[in-house]
Amino acid sequence: MPEILEAHHISKKYGGVRALKDVTFTAYRGQVNVLVGENGAGKSTLMKILSGSEQPTSGEILLDGEPVQLGSPREAQARGIGIIHQELSLFPNLTIADNLFAGRELRRGGRFVDAAAQRRRAREVLQRLGQDRLAPDTLVGDLPIGQQQLVEIGRALLTDVRVLIMDEPTSALSNHEVDVLFGVMAELRRDDVTVIYISHKLDEFRRIGDWVTVFRDGGLVAHESMSRTDTGWIVRQMVGRDPDSLYARNSAPVGDVLLDVRGLTVPGPVQVDDVSLTVRAGEVVGIYGLMGAGRTELVETLMGMRRPSAGDVVIRGTHEPKGTVQARMAAGLALVPEDRQRDGLVPTMSVRENILLATLARMTRGGLLNGGTEQRTADGKVGELAIKSPGLGALVTALSGGNQQKVVLARALLTDPVVLLLDEPTRGIDVGAKAQIAALMADLAAQGFGVLFISSELAEVMAMADRVLVMARGRVTAEFTAGSVTEEALVAASASDSVLEATK
Amino acid sequence: MTDTHVAAHRQAAAPPPDAPRHTALARAALLLLRGRTLVVLVLLVIIFSSISSEYLTQSNLILMTKHVAINAILAIGVTFVILTGGIDLSVGSIAGLASMVSGGLLFKGLNVPGGTIFFSVAVVILIGIVVGALVGAVNGLLITRFRVAPFIATLGMLYVARGAAQLHSDGGTYPDLAGTEARGNTGFGFIGVDSILGIPVAVWIMVMVAAAAVLVTTKTPFGKRIFAVGGNERAAVLSGIRVNRIKISVYVISGACAALAGLLLTSELGAAYPDTATTYELNAIAAAVLGGTALSGGRGTIIGTVMGAFVIGFLSDGLVLVGVSTFWQSVVKGAVIVFAVITEQAQQRLQSTLTRRTA
């Protein structure tokens with residue numbers, strides 16, 4: 001089997017976090033090479049390196065056996081390596097044709113854009129993607145996400161690609177669109193184009209993949225011909241042998257119902273559809289699901305950041321109908337958000353200010369902030385959560401990811417919650433910090449808190465949760481206890497219903 | 001600065017043996033950059049006093065400081081707004097409107113059925129400030145409830161408030177604000193003309209406003225929340241901060257400060273005319289930016305803004321004193337503002353390099 005693109009002993013560090021550890025990866029020519037692994041396992045980092053948008057800390061890249069430098073996405077493109085990102089990079093205000101040719105417009109007389117030729121070529125590309133009925137003059141912003149994704153793929157097809165990297169292109173596609181995409185991939189394979197395909201959906205990639213490579217914690221753990229694997233094998237490789245040793249399990253006795261959610265429904269592009277759940281004192285409840293399943297929307301609604309169209313939220317036996325952040329906070333909820341840069345931290349403020357942000361009113365004497373109280377309170381939480389920082393006055397951005405996460409957690413704990421909502425609490429932090437966060441959660445449950453956490457990692461959710469709810473397309477599709485849960489069941493529940501929903 | 005920064009950067013990748021010395025150098029550079037407004041102010045005084053012997057006299061310093069006071073009060077208000085990531089272009093017009101409202105009350109009183117009421121000076125001043133605060137509240141409501149971009153909302157208000165000022169007198173001037181004993185409304189000159197202990201009352205007022213603003217921004221939960229809203233609005237929401245309330249409050253503060261500045265100006269002139277404080281909003285924003293307030297929000301200090309107002313005032317008056325043409329004054333002022341922003345960014349880069357290294 002001829003190899004076309006190889007990564008030799010690639011390592012990548014972001015600050016103190018090692019995203020890739022000595023990875024040697026091979027993509028075979030004219031084949032569909034599938035990459036799987038949990039969030040933060042290092043797949044996307046490796047693909048960024050192979051497409052020139054990131055530089056490895058060490059190691060080398062070989063193209064056709066020759067070492068190459070891929071200093072920028074443009075250099076990688078010039079060598080025939082194209083990438084389709086998970087997040088769309090389209091211009092919603094421009095037409096399909098304009099988007100396809102953005103930055104490489106077809107010229108007439110060397111100066112003017114040849115709009116007619118662009119439309120013609122655009123029509124050909126759309127035909128190839130099975131979208132003959134789509135006019136090239138349609139604004140991309142008017143298309144549903146799935147078709148936007150196809151336009152993005154069309155962009156890559158226009159260039160002379162030899163290696164096409166796709167980072168979870170099907171996460172927003174309907175079944176029909178997935179079929180179209182797989183048809184395109186099969187055609188590319190016939191044209192001797194190499195595809196590197198990142199996916200979470202085991203049932204999907206087994207249909208199309210020739211090779212499968214599994215990543216875990218920044219390392220490559222397995223590389224096998226697809227025909228020699230089965231779903232169970234892949235899941236075992238993804239999860240690793242002994243997740244229980246990494247994560248502390250809660251063993252607190254379960255008490256009263258602290259949070260009771262009934263029929264919560266939230267409209268929107270990502271909706272929450274008739275969700276009911278309970279969290280008891282001393283209980284750690286996990287919500288597993290794929291991206292876009294409505295998990296983040298659920299906890300944000302519980303926290304009062306979104307307006308539900310129906311449903312009740314009962315906290316400690318009391319209805320909380322107001323649904324503002326302040327009311328929910330006062331009732332005893334606190335949320336540690338998924339994207340701590342976007343929703344959690346104030347980057348212009350110090351560690352101390354970030355910790356105290358939600359409880360400033362308590363730090364005053366005669367209306368003025370009391371420096372002593374502030375210092376003592378912040379210091380106490382820093383010690384309790386073992387936050388490592390250059391000092392309380394240092395900017396919060398100087399901390400590592402895990403310690404930043406603890407700062408957000410400290411702020412949430414200071415509001416005296418009874419139920420903690422944690423959205424992907426271990427995302428983007430290293431293994432050691434993950435274990436610490438897991439231990440903290442178990443500890444909180446032991447102190448009588450209720451903990452509701454979201455996770456996309458099978459191992460994590462299975463090792464940490466007393467009960468696991470699975471969400472897909474805004475609904476709770478399954479519920480397991482720690483004793484009854486299996487990887488296969490979780491994966492099936494997270495994907496199967498989304499398929500059922502899509503065919504409706 | 002740039003050289004030091006580059007050196008510091010290179011060293012971050014592979015620390016050479018003389019790393020501590022470089023770090024010390026970088027730290028010194030950072031200190032200089034942080035205090036740059038003060039450095040510039042001292043340089044201005046040195047330069048102008050060496051050219052003109054009049055510059056550093058007590059009477060000139062007092063005069064210049066009085067000029068600074070009005071812009072500083074405007075700029076302090078605007079700083080509150082900029083700290084939340086907003087902008088207030090309407091402060092000059094609000095100053096004009098407050099001037100006309102108060103001037104009208106002093107000059108012709110308030111017509112009510114059955115006669116004309118004249119208020120005492122204190123009440124007139126209070127009414128002027130309340131008018132400014134109300135206009136600010138409208139700005140805040142437009143921005144929060146109706147989601148108009150701050151630039152647009154306050155640009156609209158710039159025209160509306162100025163138009164209202166002109167409508168108030170049909171474009172005319174209220175020429176005499178001295179009041180009469182019989183009406184019980186004399187003494188408006190106190191805030192803009194009189195002095196206490198040899199220092200103009202306007203300067204005392206600036207000092208009090210600045211002191212209050214420093215206290216509010218650094219020592220109250222409200223102040224911290226202003227910084228949080230400007231630093232990361234989503235995080236502020238999630239921390240239970242009522243972001244809209246904070247935003248409306250800062251526009252109210254800005255409007256009130258603008259009105260106060262307008263009244264000082266009116267008192268100083270002894271007459272109220274509708275074009276009072278036209279384009280003053282630009283000087284106020286310039287002072288805030290010069291003093292290190294980031295237009296992106298979340299970063300800045302009241303002291304910095306006051307220093308910025310001093311730099312602008314001392315620069316303008318100095319240029320007048322040494323006989324530079326008004327055209328050149330404009331060019332120099334503009335260049336200084338842009339230069340200030342460039343150094344601000346140099347500071348940010350250097351700071352993050354140093355932080356990363358110590359982390």
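Thresholds applied
- Residues numbered from 1 in each chain as written.
- Chains lettered and ligands numbered in written order.
- Predicted model: local features only at pLDDT ≥ 70, side-chain atom pairs only at ≥ 80, totals over all residues.
- Heavy atoms only, no water.
- Pairing = 2+ DSSP bridges.
- Helix = DSSP H or I, 4+ residues; strand = E, 2+ residues; numbered from the N terminus.
- Contact = heavy atoms within 4.5 Å.
- Axes fitted to C-alpha atoms, helices over the stretch in contact; angles between N-to-C directions.
- Expected span 1.5 Å × (residues − 1).
- Buried < 20%, exposed > 50% of the residue type's maximum accessible area, 1.4 Å probe, protein only.
- UniProt positions renumbered as here; feature names shortened; annotations may be inferred.
- Phe/Tyr/Trp six-rings, centres within 6.5 Å; stacked < 30°, edge-to-face > 60°.
- Buried area = accessible area lost by both parts, 1.4 Å probe.
- Salt bridge = Lys/Arg side-chain N within 4 Å of Asp/Glu carboxyl O.
- Polar contact = N/O pair within 3.5 Å; in protein donor to acceptor, adjacent residues only side chain to side chain.

Enquirer: Would you explain the sheet that holds strand 13 (residues 257-266) of chain A in this entry?
Expert: Residue and element names in this part refer to chain A. With antiparallel pairing, the 4 strands of this open sheet are ordered in space as 14-13-16-17. The strands lining the two open edges of the sheet, one partner per strand, are strand 14 (272-280) and strand 17 (318-319). Summarising the sheet, strand 16 (residues 310-315) and strand 17 pair through 2 bridges and their orientation is antiparallel. Pairing of V314 across the sheet is with H319, part of strand 17. Strand contacts of helix 9 (residues 295-302): strand 13, strand 14 and strand 16, with the helix running at about 115° to strand 13, the strand carrying the most contacts.

Enquirer: Help me understand the pairing of strand 24 (residues 475-481) of chain A, please; the structure alone is not making it clear to me.
Expert: The two faces of the sheet receive side chains in turn, since in a regular strand these alternate between them. All names here are of chain A. Here strand 23 (residues 467-472) runs beside strand 24; their pairing, made up of 6 bridges, is antiparallel. Paired with V470 across the bridge in strand 24 is A478. With antiparallel pairing between neighbouring strands as the criterion, strand 23 and strand 24 make up a hairpin whose turn holds 2 residues, including R473 at a positive phi of roughly 50°.

Enquirer: I would appreciate a short explanation of helix 3 (residues 36-51) of chain B in the present structure.
Expert: Look at helix 3 of chain B: 22 Å from first C-alpha to last across 16 residues, which is about the 22 Å you get at 1.5 Å a residue. Those residues of helix 3 of chain B lying buried are R36, T37, L41, L44, V45 and F48 of chain B.

Enquirer: I tried to follow the UniProt feature "transmembrane region" (unreviewed entry) in chain B on my own but got confused; where do I start?
Expert: All names here are of chain B. Those residues carrying the UniProt feature "transmembrane region" (unreviewed entry) are residues 37-56, 68-97, 117-141, 148-168, 188-216 and 248-265 in this numbering. Between the C-alpha atoms that bound residues 148-168 the distance is 27 Å, and the span itself is 90% helix and 0% strand. Taken end to end, residues 248-265 comprises 100% helix and 0% strand; its first and last C-alpha atoms sit 26 Å apart.

Enquirer: Please explain the sheet that holds strand 9 (residues 163-167) of chain A as it appears in this structure.
Expert: Residues and elements named next belong to chain A. The sheet built from 6 strands is open, its strands ordered 6-9-10-3-11-12 with mixed pairing. Each end of this open sheet is capped by a strand with a single partner; those strands are strand 6 (81-84) and strand 12 (219-225). Across the sheet, the mean angle separating the axes of adjacent strands is 15° when strand polarity is ignored. As defined by bridge partners, strand 3 (residues 32-37) adjoins strand 11 (residues 211-216) across 5 bridges and the pair is classed as parallel. If you follow G37 over to strand 11, its bridge partner there is F215. Contacts between helix 8 (residues 231-239) and the sheet are confined to strand 3, strand 11 and strand 12, with strand 11 contributing the most and set at about 30° to the helix.

Enquirer: In this structure, what is going on with helix 4 (residues 115-128) of chain A? I would like to understand it.
Expert: Turn by turn, an α-helix covers 3.6 residues, leaving residues three or four places apart pointing in a common direction. All names here are of chain A. In this model helix 4 runs 20 Å from its N-terminal to its C-terminal C-alpha over 14 residues, within 8% of the 20 Å that 1.5 Å per residue would give. Residues A117, Q118, A122, V125 and L126 constitute the buried set of helix 4. Tucked inside the fold, the buried residues of helix 4 contact helix 3 (96-100), strand 8 (112-113) and helix 5 (145-158). A positive phi of about 75° marks G130, the residue just after helix 4.

Enquirer: Sorry if this is basic, but what is going on with the packing of aromatic side chains here?
Expert: Each aromatic ring pair is characterised by the separation of its centres together with the angle its planes make. Residues and elements named next belong to chain B. With the rule as written, the count across this model stands at 6 aromatic pairs over all chains. With centroids separated by 6.5 Å and ring planes inclined at 90°, the aromatic side chains of Y55 and F314 adopt a geometry described as edge-to-face. With Y55 in the loop between helix 3 and helix 4 (58-83) and F314 in helix 14 (residues 302-321), the pair connects residues that are 259 residues apart, well separated along the chain. Measuring from ring centre to ring centre gives 5.8 Å for F107 and Y174, while their planes differ by 40°; the resulting arrangement is tilted. Taken together, the positions of F107 in helix 5 (residues 91-107) and Y174 in the loop between helix 7 (150-169) and helix 8 (189-192) put the pair 67 residues apart, joining distant regions of the chain. Exposure remark for F107: the relative accessible area of 33% places this residue in the partly exposed category.

Enquirer: Which parts of the structure should I look at to understand the interface of chain B and chain A?
Expert: Accessible area lost when the parts come together is the quantity often used to give the size of an interface. In this assembly, 24 residues from chain B lie in contact with 30 residues from chain A. For the pair chain B and chain A, the summed buried surface comes to about 2,200 Å²; carbon and sulfur atoms form 65% of the total. Of all residues in chain B, the largest losses of buried area upon contact with chain A belong to K224, R234 and L238 of chain B, amounting jointly to 29% of the total for that side. Put simply, chain B and chain A have 2 salt bridges between them. D343 of chain A serves as the salt-bridge partner of R234 of chain B, at 2.3 Å between the closest nitrogen and oxygen. Inspection of the region where chain B meets chain A yields 8 residue pairs in polar contact (both at pLDDT 80 or more). Of all the secondary-structure elements, those providing two or more residues to the side of chain B that touches chain A are helix 9 (201-219), helix 10 (221-231) and helix 11 (233-238) of chain B. Sorting elements by how many residues they give to the side of chain B that touches chain A places helix 10 of chain B first, with 6 residues.

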